[in-house]
Amino acid sequence: MMLRFFVTLGVVGSVCLAVSVNVCPANLPRNDHLRAFGNRCYQFVLDHTREFDDAENECRHRGGHLVIIRDLATQRFLYNTLKNDLHYNDILWIGLTDQESEGHWVWVDGTAPTFTYWASDQPGDMGSLQDCGVMDVSEGGTWHDYRCSDAWIFSNQHKRFICEFHLVPHTTPVITLLPTTQQPTTLPPTTQPTTTQQTTTTTEPTTTPAPPTTTPTPIPTTTAPEQSTAAATTTTSSEGDCPFDCDLDCGFNGYMVDDNYCLLCKCAA
């Protein structure tokens with residue numbers, strides 16, 4: 001049998017809605033017997049049977065309880081799924097009982113039914129011998145009361161059942177927006193239109209003054225003292241300049257000289 005990965009959400013007239021079974025608890029097998037409707041998931045346990053209390057315990061062990069039928073829409077959904085989709089046509093447990101107080105029917109969560117779908121002659125008149133409710137698919141899904149467990153002549157009270165579960169809460173990721181430090185926006189400097197003023201430069205003719213006329217100062221002529229010249233003459237005199245011819249022997253006194261420093265043939269005193 002092909003497994004259904006989408007489940008019927010509801011049947012209103014001929015309109016059917018489908019949703020993924022991922023809305024159901026993760027521990028439940030994803031197969032053709034797991035469906036979702038409204039805000040509940042339903043597991044149709046058709047592969048084995050239990051007494052009423054054992055069926056309720058098995059549902060609770062999985063995180064749910066026996067099915068609670070709160071309105072006609074849910075009643076029709078369960079019946080259509082069993083009859084048309086799963087091709088089931090027998091009785092099975094629903095979570096309705098009066099075990100605690102005869103004639104006071106309550107759901108397994110302790111709430112009183114606000115909707116019922118009893119068959120015309122139900123609940124029966126056997127009192128405490130029939131304290132648990134079933135849905136009979138072969139009779140249009142109507143409800144009947146049955147013995148909850150095997151006892152005396154009421155044998156084989158093991159029946160198939162439907163478990164009900166809450167949908168897994170849809171987790172919406174919370175995005176925390178941290179305040180951001182906004183850096184000051186530096187606007188580019190506003191460029192003011194530059195007005196270029198035309199500057200007229202008047203070039204005055206440059207008059208270079210003529211250099212002053214310098215009258216050269218004549219360099220004075222320095223006349224060497226005659227004595228120096230004479231001395232030099234004496235030193236450098238030669239026989240041609242001052243001819244000297246003398247027979248006197250003046251010894252250590254030396255000879256006399258004239259105005260030109262030429263030797264005279266006279267002995268100095």
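The structure contained in this document is the topic of the report that follows. Keep in mind that what you see is a predicted model, and the values were worked out from it rather than measured.

Some points on the state of the cysteines
By definition, a disulfide is the covalent link that joins the sulfur atoms of two cysteine residues. Counted according to the given criterion, the structure contains four disulfides. Sulfur-sulfur distance for the disulfide between C59 and C163 comes to 1.9 Å. A torsion of -80° about the S-S bond marks the disulfide between C59 and C163 as left-handed. On the criterion of sequence distance, the pair formed by C59 in helix α1 (residues 52-61) and C163 in strand β10 (residues 159-166) is long-range, its members being 104 residues apart. Each member of the pair C59 and C163 is classed as buried.

Some points on the pattern of salt bridges
Tallied over the entire structure, the rule returns seven salt bridges. One salt bridge connects R35 with D32, and the closest N-O pair in it is separated by 3.3 Å. Overall, R35 belongs to the buried group, its relative accessible area being 1%. Overall, the relative accessible area of 3% leaves D32 in the buried class. Across the salt bridge formed by E56 and R60, the nearest N and O atoms sit 2.4 Å from each other. Taken together, the positions of E56 and R60, both in helix α1 and four residues apart, correspond to about one turn of that helix. A residue is classified by how much of its surface remains accessible, and E56, at 8% relative accessible area, is buried. Residue R60 is classed as partly exposed on the basis of its relative accessible area of 43%.

Quick look at the packing of aromatic side chains
Inspection of every chain in the model, using the stated rule, returns eight aromatic pairs. Seen in terms of ring centroids, Y42 and F77 are 5.7 Å apart; in terms of plane orientation they differ by 50°. Their pairing is tilted. Placement of the pair is Y42 in strand β4 (residues 40-50) and F77 in helix α2 (residues 72-85), with a sequence separation of 35 residues. Classification of Y42 as buried rests on a relative accessible area of 2%. Look at F115 and Y117: their rings are 6.2 Å apart centre to centre, the planes differ by 25°, and that puts the pair in the stacked class. Members of the aromatic cluster, connected to one another through ring pairs, are W105, W107, F115, Y117, W118 and W143.

Thoughts on the environment of M135
On the secondary structure map, M135 appears in strand β8 (residues 132-136). You can call M135 buried: its relative accessible area is 0%. A sequence separation of 16 residues divides M135 from A119, and the C-alpha atoms of the two residues are 9.5 Å apart. Those residues in contact with M135 that lie beyond four places of it in its chain are I69, Q75, L78, L82, D90, I91, L92, I94, G141, T142 and W143.

Details of the side chain of Q122
By the element assignment, Q122 lies in the loop between β7 (106-107) and β8. In this structure Q122 comes out as buried when scored by relative accessible area, which is 17%. Within the structure, the side chain of Q122 is placed 3.1 Å from the backbone nitrogen of D145, a separation counted as a polar contact. When neighbours within four sequence positions are excluded, Q122 is seen to be in contact with W143, H144 and D145.

Some details on a nonpolar patch on the surface
Where nonpolar side chains cluster on the molecular surface, the patch consists of L248, Y255, V257, Y261 and L263 and spans about 400 Å² of accessible area. Within the secondary structure, V257 is located in strand β11 (residues 255-257).

So, the nonpolar core
Counting 42 residues, the largest nonpolar core has I69, L78 and L82 as its most contacted members. Within the residue set of this core, elements represented by two or more residues are β3 (34-37), β4, α1, α2, β6 (91-97), β8 and β10. Sequence-distant contacts of L82, defined by excluding residues within four places in its chain, comprise F44, L46, H87, Y88, L92, M135, V137 and I162.

Cut-offs applied
- Residues numbered from 1 in each chain as written.
- Predicted model: local features only at pLDDT ≥ 70, side-chain atom pairs only at ≥ 80, totals over all residues.
- Heavy atoms only, no water.
- Disulfide = S-S within 2.5 Å.
- Helix = DSSP H or I, 4+ residues; strand = E, 2+ residues; numbered from the N terminus.
- Buried < 20%, exposed > 50% of the residue type's maximum accessible area, 1.4 Å probe, protein only.
- Salt bridge = Lys/Arg side-chain N within 4 Å of Asp/Glu carboxyl O.
- Phe/Tyr/Trp six-rings, centres within 6.5 Å; stacked < 30°, edge-to-face > 60°.
- Contact = heavy atoms within 4.5 Å.
- Polar contact = N/O pair within 3.5 Å; in protein donor to acceptor, adjacent residues only side chain to side chain.
- Patch = residues over 30% accessible without salt bridge, like charges linked within 9 Å, V, L, I, M, F, W, Y side chains within 5 Å.
- Areas by Shrake-Rupley, 256 points an atom, 1.4 Å probe, with all protein chains shown as cover.
- Core = buried A, V, L, I, M, F, W, Y, C linked by side-chain atoms within 4.5 Å.

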